[in-house]
Amino acid sequence: MRRVVVGVTGRPGSLTALHRAAAEARLRDAELRVVLAWQSPGGELGSRNGLGPSALAPCRAAAVERLREALDTAFGAAGPGIPLAGLTVRGTPGAVLVDTARDPDGLLVVGTGSRAALRRLVRPSVARYCLAHATCPVLAVPPSPLQAELESVHRRNAWRIPLDPRELAP
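As the structure is a prediction and not an experimental result, all values here were calculated from the model.

Colleague: Even after reading the chapter, I still don't get empty space enclosed by the protein, so can you show me in this structure?
Modeller: Leftover empty space is mapped by rolling, across the atoms, a probe with the size of a water molecule. Enumeration over the complete set of coordinates arrives at 1 cavity of 30 Å³ or more. The computed volume of the largest cavity comes to approximately 40 Å³. In terms of lining residues, the largest cavity is bounded by Arg3, Val5, Thr100, Ala101, Arg102, Asp103, Gly106, Leu107 and Cys136.

Next comes the structure, spelled out in structure tokens:
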């Protein structure tokens with residue numbers, strides 16, 4: 001059976017990609033494989049400090065819960081109406097997604113997210129990694145226009161910029 005693989009984090013941008021992946025899976029009569037990549041505290045350096053299985057168990061449980069919440073937020077109790085498999089995998093998001101979507105007949109769906117200059121310096125783009133390394137087609141889904149407006153409101157609140165009532169008028 002063909003697969004459509006999508007990466008999620010639970011943020012609004014990844015939920016947009018999740019909905020698009022579900023639509024693609026319906027069109028292709030494919031299984032939807034939803035992947036949430038997680039890392040140990042401190043990333044790879046933290047795992048080298050001798051964190052044993054007992055220390056990683058709560059991290060894994062938190063990742064599973066985040067995946068459940070993302071699926072519930074996206075589809076509710078009814079589900080997407082297609083075969084669905086959820087995976088939580090320990091590793092960096094790009095590498096985990098490329099490894100999970102290694103079937104050339106499949107499709108990998110990633111959200112592009114907002115790429116502010118500071119965020120690009122701190123965190124590399126998962127979508128770029130997937131586009132460069134995947135062996136299957138990759139669909140990069142831009143964020144919803146509503147997400148850009150929401151981020152604008154958050155920035156305004158963070159800088160305590162007053163709202164001009166004229167901006168509310170159509």
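Colleague: For this particular structure, what's the right way to read the pattern of salt bridges?
Modeller: Pairing is possible between side chains that carry opposite charge, provided their charged atoms lie close to one another. For the structure shown, the criterion picks out 6 salt bridges. Arginine 3 serves as the salt-bridge partner of glutamate 31, at 3.8 Å between the closest nitrogen and oxygen. Placement of glutamate 31 in strand β2 (residues 31–38) and of arginine 3 in strand β1 (residues 3–7) is noted, with a sequence separation of 28 residues between them. Relative accessible area serves as the criterion here: at 16%, glutamate 31 is assigned to the buried category. In this structure, a network of salt bridges that share partners links the residues Arg3, Glu31 and Arg33.

Colleague: In this structure, what is going on with helix α4 (residues 93–100)? I would like to understand it.
Modeller: Along an α-helix, a turn takes 3.6 residues, which lines up residues three or four apart on a common side. By the burial criterion, the buried members of α4 are Gly94, Val96, Leu97, Val98 and Thr100. Contacts from the buried residues of α4 go to β1, β2, β3 (84–90), β4 (107–111) and α6 (126–133).

Colleague: Sorry, what's going on with the sheet that holds β4 here?
Modeller: Pairing between the strands of a sheet is mediated by backbone hydrogen bonds and can be parallel or antiparallel. Reading across the sheet, the 5 strands line up as β3-β2-β1-β4-β5 and stay open at both edges, with parallel pairing between neighbours. Unpaired on one side and paired on the other, β3 and β5 (138–141) mark the two borders of the sheet. Ignoring which end each strand starts from, the neighbouring axes of this sheet average 20° apart. The sheet contact formed by β2 and β3 spans 7 bridges and is parallel. Counted as the bridge partner of alanine 37 is valine 89 from β3. Strands β1, β2, β3 and β4 of the sheet are contacted by α4, whose axis makes an angle of about 155° with β2. Of the strands in this sheet, β4 and β5 touch α6, which is tilted by about 160° from β4.

Cut-offs used in this document
- Residues numbered from 1 in each chain as written.
- Predicted model: local features only at pLDDT ≥ 70, side-chain atom pairs only at ≥ 80, totals over all residues.
- Heavy atoms only, no water.
- 1 Å grid on protein atoms, 1.4 Å probe; cavity = no way out; pocket = protein on both sides within 12 Å on 5 of 7 lines; lining within 4 Å.
- Points joined across faces, edges and corners; volume = space filled by probe spheres on them.
- Salt bridge = Lys/Arg side-chain N within 4 Å of Asp/Glu carboxyl O.
- Helix = DSSP H or I, 4+ residues; strand = E, 2+ residues; numbered from the N terminus.
- Buried < 20%, exposed > 50% of the residue type's maximum accessible area, 1.4 Å probe, protein only.
- Contact = heavy atoms within 4.5 Å.
- Pairing = 2+ DSSP bridges.
- Axes fitted to C-alpha atoms, helices over the stretch in contact; angles between N-to-C directions.

Fair warning: the whole summary comes from geometry, so function is off the table for now.
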